[in-house]
Amino acid sequence: MSPHQKKQMAKALREAEKAGFEVKEVHNGHVWGYVICCACGDRDRVDCTPRSADNAAKRINDFVRKHTKRHG
Ligand SMILES: [Zn+2]
């Protein structure tokens, strides 16, 4: 996997992987890839060039936190 070009998002994706989530790179149009919760299969889309990389990174963190909490 190559790191996301936005450093905040690359960091959030690394942390997602460390937390046991699957990070899938697809590079399909403006879609960079997905963060996938292995426990329930939910996924969150990761854009290549979001309007705000800070918000996108925060969304990845929130997704990971929400599912980590949900699955205990
Ligand atoms: Zn989940």
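Our subject is the structure listed above.
Along each chain, the written sequence defines residue order, and numbers are assigned to residues from 1. Given that the model is predicted, a residue must reach a pLDDT of at least 70 before its local features are reported, and side-chain atom pairs must reach 80 or more before they are shown or counted; all residues, however, enter totals for whole chains, interfaces and linings. Here the side-chain values reflect all heavy atoms present in the structure, with hydrogen atoms and water set aside.

Asker: Whenever I open this one, the pattern of salt bridges confuses me. Can you help?
Answerer: Close approach of charged atoms lets side chains of opposite charge pair. The term salt bridge refers to a side-chain nitrogen of Lys or Arg lying within 4 Å of a carboxyl oxygen of Asp or Glu. Tallied over the full model, the rule gives six salt bridges. In this structure, Asp44 and Arg59 form a salt bridge, with 3.3 Å as the shortest nitrogen-oxygen distance. Of this pair, Asp44 sits in strand β3 (residues 43-47) while Arg59 sits in helix α2 (residues 53-70), and the two are 15 residues apart along the sequence. Think of it in three bands: residues with accessible area under 20% of the maximum for their type are buried, residues over 50% are exposed, and the middle band is partly exposed, with areas taken using a 1.4 Å probe on protein chains only. Using a relative accessible area of 13% as the deciding quantity, one classes Asp44 as buried. Here Asp62 ties to Lys58 by a salt bridge, and the two come within 3.5 Å at their closest N and O atoms. Of the two residues, Asp62 and Lys58 are both situated in helix α2; the distance of four residues between them amounts to about one turn of the helix. Starting at the N terminus, helices and strands are each numbered in turn, a helix being any DSSP run of H or I of at least four residues and a strand any DSSP run of E of at least two.

On their own, these measurements won't tell you what the molecule is for.
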